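# Structural characterization, general
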Amino acid sequence: MSPTDPRTGTRDSVSQSYLTASLLALWLTWRKIERQLERIADRANPILVKETRQALKSRQFISTFLLILAACWIASLGGMAIIGPQIYYAAAGSEMLLAYYAILAFPLTIIVPYSAYRSLATEQEENTYELLSITALSPSQIVNGKLGSAMVQMLIYLSAVSPCIAFTLLLRGVEPLTVAVLLLHTVLGSMGLSMLAILAGAVSRVNYSQILVSVGLVLILTWTFGLAMASAATFVYEGYSTLRERSFWIANLAVLTFYFTTFALAYTAATARLSFASANRSTPLRWAMLIQQACFLGWMAALASAEGGASILATVFASGFILGIYWYLMGTLLTGEWPHLSQRVQRTLPQSTLGRMLFTWFNPGAGTGYLFSVANLTAVVAAGLIVLFSIKPSAAARWPVFNESAAYFLVIGWGYVVAFLGLGRLLINITRRFTYLPLAGCFLLHLVLLMMASGLPLAARLMVSRRQFSSTGSVLEITNPFLTLEPYTSSSAAPTNAPLTTIMVLTAALVVLLLNLRSVVRELQHHRIALPERVVEEEAALHPPQIPAPSNPWEHQ
Amino acid sequence: MIQPRRPLIELRQLRRYFGETRAVDDVSFEVHSGEVFGYIGPNGAGKTTSMRILATLDEPTSGDALVDGFSVVEDPDRVRTRLGFMPDYFGTYRNVNVRDYLDFFARSYGLHGRRRLRAIDYVMRFTLLDQLADKPIDGLSKGMKGRLCLGRTMIHDPAVMVLDEPAAGLDPRARIELREMIAQLAANGKAILISSHILTELAEICNKIAILEKGRLLTVGSIAEISAQAEIVCQVHLSLLTGTDRLQRWLENCDGVRDVSVVDTHFSLTHEGGPNEQALLLRQIVEAGFEVVEFSSKTKSLEDIFLHVTEGRVQ
Ligand SMILES: Nc1ncnc2c1ncn2[C@@H]1O[C@H](COP(=O)(O)OP(=O)(O)O)[C@@H](O)[C@H]1O
Ligand SMILES: [Mg+2]
């Protein structure tokens, strides 16, 4: 404190108290913000908090971060040295941007997703996963925490490179919109890859599958990095024109729809995988599939109505083709569910007649899973047939023929999916009577069935004679869906044996469907059961029934 | 109507088979609040398997286990909030110190704000870890890690604690500390299930013990009850002036006497029966004309009882 001057003492003390007051106000505001931050940190996802703390202490993370900073430096200095003083007027921005993008894309497409995978895999190796799984954390909290940590890492890398990227905006040849779109895509891509990596980590529990999965993941990630670099290069050089095309944005929107629905599916699958056995792990997955299908069909319908004419046929055909494969793949997994319904699931089954009619096929179980895939594909094929028969065959001469073979394609394809899924499910049922068969085993069983059905007749034909049945699509090879369906995909007329093939495949499908029906019906007959007494007791203690206060005079009696 | 007290842990005909192996085979028992229940059996008896089922980490093949009335199969979420499980491994994270480790589990059990801080402080004091708060857990000794795991197990103040061989590998001092902590926890009203393959380790703190072998419960009860159940077996020492050979022959025809061995004039033998039977044996020997100089007997230790209970039951 300086000695007070008697003449200016009052003014000093006034300004001093003014200063003190404003400092106090500032301090109070700061405290408020701090308390808010504390509240947020207190409620933040525990895994996110822990992993952020861990990352800050981890040598690997810090060295990666420093490496990226160093790479940015080198790129900047090197770039400037090569381009020289004309850097500000030569259109060198694109090259610089791509160099920085490579530095950013590497951690975002490879390091971040792979560490997300490792972080879940390490939990299982070091036995901490079990400790975690018996806490009050829900599976979705675990997935959120892992995803959140990946995003925090991503943001840190992004913030390290973004000053450099901002610098390229000053150079010629780089548009802010291009950079924004590029970064948005990369960030979304990184998140999506991290989600897939977490799913992979959740799925691979045993050692040998872990090795397989981690090798596969590394391959996919490196491949994605290459893809990201290639597409970034095209985009940066041609971005100016691409960004002005309407179709670019529409395609982007379509891709985003696919991205988000797949993300949701992977998220639901990962949480289902981490849930305990008696939980309902299937219904959310089925909703995710249904929504994805609806989005896909919506886009296809929009495409068909926008283009009109010949493309309607193409869209119907493509939708049937893609959804046929989709429901076959989903069906191989859904039919691997356990037919046994836990009491916990039975507590929440739909109760009303309407609810039972509408939602029973969402119940977990192999039978309902089969029904779910078949029903969805049936609806798609029926809708496709209606469209096919309602469009006027006037635009081009060869249309009616093509319509016909597309219709055959849809019906026969439907028959194959129904028959193969059903047969596989029967085999799974039989196998499970003797031994334990995990979900992956069921998937493999379906695959082997399909391979044998398509491979064996082919081998037999090659062995017997080369000439006799040289035409593809022969009825003798009807168990091979690929060979049988191939002739229907070209625009020429449907093969002459199409009706016979259809009848045979449909008969097989119906027979298999009937064979499956008994156990499907058994699964459908589950009813809701009452909550255990102890649960009711605790619920009553936790949420005591409130006596509703009359809120308006009409409630008085 | 008097409400019977609900057991905090209840196993009902619990079975868990791994293929042909019957790891747990028809096990039932109850543990009440404030009880320390010793779960004893040799390696491979099925202790860990049944404890993992109780901790909702595994599922029974049949039967059920209930924690505070909730089924571990159907309501694992409700079980988890009231149960602390300490497995026979540590489960540590890299780059995490003691306080952060406890903080993480406190958060994971849904503790917030002051409650969390208080819980962490309490646990660190209770487990004598408060001096080590900032130490990375990789660098802890085995005893410290054991305490840390106990701390993690009790961080959410569970009513039920399941401890799988917590004393394994601890030095005697750490063992005493552990025993004191467990007694304290039981005094606070928790139900504690604690396993060991060494009976004596638990004898002092357990109200009740169950002996398990090959997945089957051999016996359940307090130590006194079990000792009474198992017929008492004593080690008897005898010395004679003369007539060693004759006594040996005599003893071999005697009921309840086994494993007779002779060194000079000293006999040592196993005798089945309590003090009354021993007095009778001595009188018979004396009445048969032998000149007994020394007769002493020692009841077998708890360890011997354990061996006695489990022996000969191997299928
Ligand atoms: N995951 C498993 N798969 C197959 N067998 C197992 C598994 N876990 C335990 N077992 C078997 O179950 C039996 C009981 O093991 P465990 O419960 O670990 O015994 P304890 O803890 O009493 O030493 C052992 O024979 C063991 O081999
Ligand atoms: Mg064990």
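Use the structure listed above.
Below is a summary of the structure that appears in this document. Since the model is a prediction, treat every value here as computed from it, not as a measurement.

Residue and element names in this part refer to chain A. Taken together, the side chains of Leu24, Trp27, Leu28, Trp30, Ile33, Leu37 and Ile40 make up a nonpolar region of the molecular surface, amounting to roughly 750 Å² of accessible area. Along the chain, isoleucine 40 turns up in helix 1 (residues 9–43). Look at isoleucine 40 and you get exposed, because its relative accessible area is 54%.

Quick look at the side chain of asparagine 45 of chain A now. Residues and elements named next belong to chain A. Looking at the element boundaries, asparagine 45 is found in the loop between helix 1 and helix 2 (46–57). Judged by relative accessible area, which is 17%, asparagine 45 ranks as buried. A distance of 2.9 Å separates a polar atom in the side chain of asparagine 45 from the backbone oxygen of glutamine 141. If sequence neighbours within four positions are ignored, asparagine 45 has contacts with Gln141, Asn144 and Gly145.

Residues and elements named next belong to chain B. Strand order in this open sheet of 6 strands is 6-7-8-3-9-10, and the pairing throughout is mixed. Each having just a single partner strand, strand 6 (83–86) and strand 10 (216–221) make up the two edges of the open sheet. The average undirected angle you get between the axes of adjacent strands in this sheet is 15°. Direction of pairing for strand 3 (residues 36–40) relative to strand 9 (residues 208–213): parallel, over a ladder of 4 bridges.

This part takes up unusual backbone geometry. The backbone of asparagine 127 of chain A shows a phi angle near 65°, a positive value even though the residue is not glycine. When you line up the elements, asparagine 127 of chain A lands in the loop between helix 4 (93–125) and helix 5 (128–133). The phi dihedral of aspartate 26 of chain B falls on the positive side, at around 60°, and the residue is not glycine. When you line up the elements, aspartate 26 of chain B lands in strand 2 (residues 21–31). For aspartate 26 of chain B, a relative accessible area of 28% gives the class partly exposed.

This paragraph deals with the nonpolar core. The biggest cluster of nonpolar side chains holds 151 residues, and the ones touching the most others in it are Tyr100 of chain A together with Tyr39, Leu54, Leu83, Ile192, Leu193 and Ile194 of chain B. Judged by nonpolar contacts, the second largest core, of 50 residues, contains Leu265, Ile391, Val417 and Leu449 of chain A.

Our next topic: the site of ligand 1. Residue and element names in this part refer to chain B. Taken together, Phe18, Thr21, Ala23, Pro42, Asn43, Gly44, Ala45, Gly46, Lys47, Thr48 and Thr49 are the residues near ligand 1. Between ligand 1 and the protein, one listed contact pairs an oxygen atom with a backbone N or O atom of lysine 47 at 2.9 Å. A distance of 2.5 Å separates an oxygen atom of ligand 1 from a polar side-chain atom of threonine 48. In isolation ligand 1 exposes 560 Å². Once the protein is present, 58% of that is buried.

Procedures and definitions
- Per chain, residues are indexed from 1 in the order of the written sequence.
- Starting at A for chains and at 1 for ligands, labels are handed out in the order in which the entities are written.
- A pLDDT threshold of at least 70 governs which residues receive local features in this predicted model, and a stricter bar of 80 or more applies before side-chain atom pairs are shown or counted, although totals over entire chains, interfaces and linings include all residues.
- Excluding hydrogens and water, the side-chain values take into account all heavy atoms of the structure.
- Candidate patch residues must exceed 30% relative accessible area and have no salt bridge, after which like charges are joined if within 9 Å and Val, Leu, Ile, Met, Phe, Trp or Tyr side chains if within 5 Å.
- Per-residue and other accessible areas follow the Shrake-Rupley method at a 1.4 Å probe size, with only the shown protein chains counted as cover for residues.
- Salt bridge, as used here, is a side-chain nitrogen of Lys or Arg placed within 4 Å of a carboxyl oxygen of Asp or Glu.
- Strands here are runs of E lasting at least two residues and helices are runs of H or I lasting at least four, both read from the DSSP assignment and numbered beginning at the N terminus.
- Only protein chains enter the accessibility calculation, which uses a 1.4 Å probe; a residue whose area is less than 20% of its type maximum is buried, one above 50% is exposed, and one in between is partly exposed.
- We call two N or O atoms a polar contact when they sit within 3.5 Å, provided that within protein one can donate a hydrogen and the other can accept it, with sequence-adjacent residues counted only if both atoms are side-chain atoms.
- Contacts between residues were defined by any pair of non-hydrogen atoms, one from each residue, lying within 4.5 Å.
- Two strands are counted as paired when DSSP detects at least two bridges linking them.
- In this analysis an axis means a line fitted to C-alpha atoms, helices contributing only their contacting stretch, and an angle means the value between N-to-C directions, from 0 to 180 degrees.
- As used here, the term nonpolar core means buried Ala, Val, Leu, Ile, Met, Phe, Trp, Tyr and Cys residues forming a set that is joined through side-chain atoms within 4.5 Å.
- Residue proximity to a molecule or strand is established when one non-hydrogen atom of the residue lies within 4 Å of it.

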